[in-house]
Amino acid sequence: MKAALYTGYGTPDVVRIMETEKPVPEDNEVLIRVRAAAVNPLDSHLMRGKPYLMRLAFGLRRPNDPRIGRDVAGEVESLGRSVTGIKPGDEVFGACRGALAEHACIAESALALKPRNITFEQAAATPIAALTALQGLREYGHIRGQIEGQVEGQTQAAQKVLINGASGGVGTFAVQIAKAFGAEVTAVCGTSNVEMLRSLGADHVIDYTREDFTTGRERYDLVFDLVSNHSLRACRRVLSVGGAYVGAGALGGRGMLDFAALMIKPAVFSPLISQRMVAFVAKARRADLILIARLMESGQVTPVIDRCYSLSEAAEAIRYVAEKHARGKVAIAVP
């Protein structure tokens, strides 16, 4: 099969489309015929091996695993021995290693059935970004009750949520998920994305080229920060008493110290102040993917795709995402 691989750290030029063996599923995995994948900022960071702290886990001098990609959607081809509830021919989406390939193995715990009303490209654009949005809002952002209540058709008082970096992959999902569960959403973005975020349901949109949200008078129950371009002190100014700052943009740091600081500082500050501050990394959970699939099936959430490339253009897709100007997600179609 063909797969996008990289055998050394560097720019997207290190990516090659190569012939490799089709993977064999473990007992708890399924083998899927990949129909589409997506590129995340994480793919660019892993490829460059930066921040250097990441190399402790992924290989000091060269990557231990040359496969690329985490987001995937496709058709189930075969099952591991312990897999239940999934059958060959099912259309699924989820998170795995080596998504930029013609075949991939994915754990049953990290996949869900693809809604019929979305394309493979839309499904592939969903897992990591939507999981980050959902878990950031629900588990760290004090809107768990709203999420669970709204899914059951209940109405609860709206919370004020500000999403900084709302036009990116995670941000476009966060705006829609927060609105689906009753929040009053303020989205922060550049001028060219203002109308797009309004169309996704944002109640208020702040153009960061004209206004700094950290100097405004408005107070928010949650600041969901996806770009980490303001200090924690500045973000705290706009939090309500008992509000929460949730950071998921740590990989935007320029080096190892930036990365470590963005992950550690919230935990250090939180016990000393009235607001909660936390940074996190999303986890692939089947129950969360099923919830996200329900939201997409109902039309409450629609993946936003900026561009779609072919597998042979994987390097260019990664280069585009690394430039940090993508609106929503970048997908890879696998013929």
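Residues numbered from 1 in each chain as written. Predicted model: local features only at pLDDT ≥ 70, side-chain atom pairs only at ≥ 80, totals over all residues. Heavy atoms only, no water.

Trainee: In this structure, what is going on with the overall build of the protein? I would like to understand it.
Mentor: Within the protein, the regular secondary structure consists of 11 helices and 15 strands. Counting over 335 residues, the protein shows a buried share of 53%. Taking the intrachain contacts of the protein between residues at least 6 apart in sequence as the baseline, contacts between residues at least 24 apart amount to 66%. Split by element, the accessible area of the protein, about 15200 Å² in all, is 51% carbon and sulfur. (Helix = DSSP H or I, 4+ residues; strand = E, 2+ residues; numbered from the N terminus. Buried < 20%, exposed > 50% of the residue type's maximum accessible area, 1.4 Å probe, protein only. Contact = heavy atoms within 4.5 Å. Areas by Shrake-Rupley, 256 points an atom, 1.4 Å probe, with all protein chains shown as cover.)

Trainee: What am I meant to see in the pattern of salt bridges here?
Mentor: When their charged atoms lie close together, side chains carrying opposite charge are able to pair. Inspection of the entire model under this criterion finds 21 salt bridges. Between R67 and D65 there is a salt bridge, with its nearest N and O atoms 2.7 Å apart. Put simply, R307 and D306 hold a salt bridge, and the shortest N to O gap is 4.0 Å. Given the relative accessible area of 39%, R307 is considered partly exposed. Owing to a relative accessible area of 27%, D306 belongs among the partly exposed residues under this scheme. Linked through salt bridges whose partners overlap, the residues forming this network are R138, E139, R285 and D288. (Salt bridge = Lys/Arg side-chain N within 4 Å of Asp/Glu carboxyl O.)

Trainee: What is the right way to look at the pairing of strand 6 (residues 103-107) in this model?
Mentor: Within a regular strand, the side chains alternate between the two sheet faces. A large share of strand 6 lies buried, amounting to 5 of its 5 residues. Because side chains alternate across strand 6, one face comprises the buried residues H103, C105 and A107, and the other comprises A104 and I106, equally buried. Across 5 bridges, strand 3 (residues 29-39) lies against strand 6 in antiparallel orientation. When the bridges of strand 6 are listed, V30 appears paired with I106. (Pairing = 2+ DSSP bridges.)

Trainee: What should I look at first to understand the nonpolar core in this one?
Mentor: Counting 48 residues, the largest nonpolar core has F93, L137, I163, V175, I177, L197 and F224 as the members making the most contacts within it. Setting aside its immediate chain neighbours within four residues, I163 contacts G171, A174, V175, V185, T186, A187, V188, F224 and L226. (Core = buried A, V, L, I, M, F, W, Y, C linked by side-chain atoms within 4.5 Å.)

Trainee: Can you help me understand the environment of G169 in this one?
Mentor: The topology assignment puts G169 in helix 6 (residues 169-180). Leave out the neighbours within four places in its chain, and G169 touches A129, G328 and K329.

Trainee: Even after reading the chapter, I still don't get the packing of helix 4 (residues 127-139) against helix 6, so can you show me in this structure?
Mentor: A pair of packed helices can be characterised by two numbers: the angle between their axes and the separation between those axes. In contact at an axis separation of 8 Å, helix 4 and helix 6 are set at 50° when each is read in the N-to-C sense. With respect to helix 6, the element helix 4 is oriented oblique. For the element pair helix 4 and helix 6, the recorded crossing hand is right-handed. For the pair formed by helix 4 and helix 6, the contact residues are A129, A130, T132, A133, L134 and L137 on the first element and G169, V170, F173, A174, I177 and A178 on the second. Of the residues contributing to the contact of helix 4 with helix 6, the split by class is 10 nonpolar, 2 polar and no charged. (Axes fitted to C-alpha atoms, helices over the stretch in contact; angles between N-to-C directions. Parallel < 35°, antiparallel > 145°, perpendicular 65-115°, else oblique. Left-handed = near helix turned anticlockwise from the far one by under 90°. Nonpolar A, V, L, I, M, F, W, Y, C, P; charged D, E, K, R; others polar.)

Trainee: Explanation requested: the packing of aromatic side chains in the structure shown.
Mentor: Centre-to-centre distance and the angle between the planes together describe a pair of aromatic rings. Taken as a whole and assessed by the stated rule, the structure comprises 0 aromatic pairs. Sitting over the ring of F120, K114 keeps its end group 5.0 Å from the ring centre. (Phe/Tyr/Trp six-rings, centres within 6.5 Å; stacked < 30°, edge-to-face > 60°. Lys NZ or Arg CZ within 6 Å of the ring centre and 35° of its normal.)

Trainee: Is there a simple way to explain helix 6 in this structure?
Mentor: Residues spaced three or four apart along an α-helix point in a common direction, a consequence of the helix completing one turn every 3.6 residues. With 12 residues, helix 6 should cover 16 Å at 1.5 Å per step; its first-to-last C-alpha distance of 17 Å lies within 8% of that length. Most of helix 6 is tucked away, with 10 of its 12 residues classed as buried. Regarding helix 6, the residues found buried are G169, G171, T172, F173, A174, V175, Q176, I177, A178 and A180. Among the residues trailing helix 6, G182 stands out with phi positive, at a value near 90°. (Expected span 1.5 Å × (residues − 1).)

Trainee: Is there a simple way to explain empty space enclosed by the protein in this structure?
Mentor: The rolling of a water-molecule-sized probe over the atoms marks out the regions of remaining empty space. Taken as a whole and judged by the stated rule, the model has 1 cavity of 30 Å³ or more. Considering only enclosed or pocket space, the largest cavity measures out at about 30 Å³ in volume. Along the walls of the largest cavity sit Y6, Y9, H45, L46, G49, M54, R55 and F58, which together make up its complete lining. Looking at side-chain class alone, the lining of the largest cavity contains 5 nonpolar, 2 polar and 1 charged residues. (1 Å grid on protein atoms, 1.4 Å probe; cavity = no way out; pocket = protein on both sides within 12 Å on 5 of 7 lines; lining within 4 Å. Points joined across faces, edges and corners; volume = space filled by probe spheres on them.)

Trainee: Sorry if this is basic, but what is going on with the environment of A36 here?
Mentor: Within the element layout of this structure, A36 appears in strand 3. What makes A36 buried here is its relative accessible area of 0%. When the C-alpha atoms of A36 and F93 are compared, they prove to be 9.3 Å apart, with 57 residues separating the residues in sequence. Setting aside chain neighbours within four positions, we find A36 in contact with D71, V72, A73, F120, E121, A124, I332 and V334.

Trainee: Honestly, the sheet that holds strand 10 (residues 204-207) in this entry has me stumped. Any pointers?
Mentor: Across the sheet, 6 strands lie side by side as 10-9-8-11-12-13; this open sheet has parallel pairing. With partners counted over all chains shown, the strands left at the sheet margins are strand 10 and strand 13 (276-279), one partner each. For this sheet, the mean inter-axis angle between neighbouring strands, taken without regard to orientation, is 15°. The sheet contact formed by strand 11 (residues 220-225) and strand 12 (residues 239-247) spans 5 bridges and is parallel. When the sheet's bridge partners are listed, Y220 is paired in strand 12 with L239. Those strands touched by helix 4 are strand 8 (160-164), strand 11 and strand 12, and its axis lies near 150° from that of strand 11. Packing against the sheet, helix 6 makes contact with strand 8, strand 9 (184-189) and strand 11, and its axis sits at approximately 165° to strand 9.

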